[in-house]
Amino acid sequence: MQMTGFLPLVWWALGAAAVLGACIYLYMEYQAYLLRTSVVSVPGGLRFVAQGLTAESRHAGKEIKVTTKNGRYTRQPLAGGDPEVQNGALTVTLAAIGLQIEVARISVKDANGGAAKATGFSRIVFAATDAPVQKAMGRSGGDRSELRIDRVPDAIATDFQQFANGLRAWIEKVEQQLAAKVAEQRQREQEAAAAAAGLTVDPEPDPTVPLSEADREARAAAQLEKWRAAAGFKGTSTEMHFDNRGQIVWLIDLDPSGKIILHADKRTFYGSLKGATVNGFGSELEVAVRDDYWSEDDPRLAAFRILGGSKPEARRAWKERLDLLIQSFGGDSGQQQR
């Protein structure tokens, strides 16, 4: 009889535990659902989707559409006047050109004067102005607008930051396209003004017309002189390679004091060999130097591959010369890269 009365209690306990476990599981799933985000392709763009927030890029219109359940939108004419303010559930379309997106964690000050404490929420701010577009079209005025979304869970804000990084790359391309169109329009206007005044405008060199060896050497020498002027010194040992348009592909210009000008992969460095390294890589020599970003905390060196296609004995001679100069140095020195 005692065993018979005990079994129902066991089953009731097991049932209650199962119900509690199911409730906990459903609660955790719901919390995960609230923080779930996704990025999907839509016709002509991409869309970021989260609970209470949707942001969509529209490539054809060069704009971004943002929908939020709780935001604050302010629009202020650049010429002055009363701002337009909207709060609550909003759908706002912003021009991509001139748009800045900021994601920041929200923290509160400690009442006892300690370090600020994280709240678990972030703020997303879209700041836009159509002044660049208005200026490109030869107009004055324009608006400045801001969409501010507070109390975005940190998990969603982190995912949105990755999406915003992609938007920033796309916005930069759009802005570059606008700058190119503006430059092209100005060129046409200058040519039209010159023609109206009876003047002639020298055309850009035709890249299909081959240059003589003397012309290529003159172009490369002119470029080297500009770098020497910027560096403030002139090397006494120089080797370079330039293409069929006289553009320098790689260059080394070495001063006996250990100062050097390097160029490779469309990057140019001038400064000291202090802390540098030299290594052979196949038919090239790699010189790695301390650029503007070098520090004790981030000691990575900027590498330049030079002397490609030169004779092995020439590379060995350069390496020995560079090694001797590097070994003669000690301590820190300032560097410059352009």
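Fair warning: this is a prediction, and the values are worked out from it, not measured in the lab. Just so you know, the residues in each chain are numbered from 1, in the order the chain's sequence is written. Given that this is a predicted model, residues contribute local features only at a pLDDT of at least 70 and side-chain atom pairs are listed and counted only at 80 or more, while totals for whole chains, interfaces and linings are drawn from all residues. Working from all heavy atoms in the structure, the side-chain values ignore hydrogens and water.

Burial of nonpolar side chains together is a common tendency in soluble globular proteins. If you look at the biggest cluster of nonpolar residues, it comprises 29 residues, and the most contacted ones within it are F48, V66, F126, L147 and F160. Secondary structure follows DSSP: runs of H or I at least 4 residues long count as helices, runs of E at least 2 residues long count as strands, and numbering of each begins at the N terminus. Where this core is concerned, the elements lending two or more residues are β2 (45-50), β3 (53-58), β4 (63-77), β5 (84-95), β7 (117-129), β8 (143-153) and α3 (154-196). No other element matches the 9 residues that α3 contributes to this core. In this structure, I260, A264, F304 and L325 belong to the second largest nonpolar core, which totals 21 residues. Side-chain atoms within 4.5 Å are what join buried Ala, Val, Leu, Ile, Met, Phe, Trp, Tyr and Cys residues into a set we call a nonpolar core. The classification of residues rests on relative accessible area computed with a 1.4 Å probe and restricted to protein chains. Under 20% of the type maximum is buried, over 50% is exposed, and intermediate values are partly exposed.

Let us now look at the pattern of salt bridges. Opposite charge on two side chains permits them to pair, given that their charged atoms come into close proximity. Here, a salt bridge means any Lys or Arg side-chain nitrogen found within 4 Å of an Asp or Glu carboxyl oxygen. Using the criterion set out here, one finds 15 salt bridges in the structure. The partner of E56 in a salt bridge is R58, with the nearest N and O atoms 3.6 Å apart. On the accessibility criterion, E56 (12% relative accessible area) is buried. Residue R58 is classed as partly exposed on the basis of its relative accessible area, which comes to 28%.

This part takes up the environment of V103. Looking at the element boundaries, V103 is found in strand β6 (residues 100-108). For V103, a relative accessible area of 19% gives the class buried. Distance in space between the C-alpha atoms of V103 and I149 is 9.8 Å, their sequence separation being 46 residues. Apart from residues no more than four positions distant in its own chain, V103 is found in contact with R123, I124, A157, F160 and Q161. Contacts between residues were defined by any pair of non-hydrogen atoms, one from each residue, lying within 4.5 Å.

As a further point, take unusual backbone geometry. Phi is positive for D265, close to 55°, though the residue is something other than glycine. Mapping D265 onto the fold places it in the loop between β11 (259-264) and β12 (267-272).

To continue, consider the pairing of β11. Burial analysis of β11 places 5 of its 6 residues in the buried class, the great majority of the element. Where strand β10 (residues 248-254) meets β11, 5 bridges bridge the pair, whose relative direction is antiparallel. Along β11, the bridge assignment pairs I252 with L262. Two strands make a pair as long as DSSP finds a minimum of two bridges between them. Linking β10 back to β11 in an antiparallel pair, the connection comprises 4 residues, with G258 at a positive phi of about 105°.

Remember, this is a structural readout, not a statement about activity or role.
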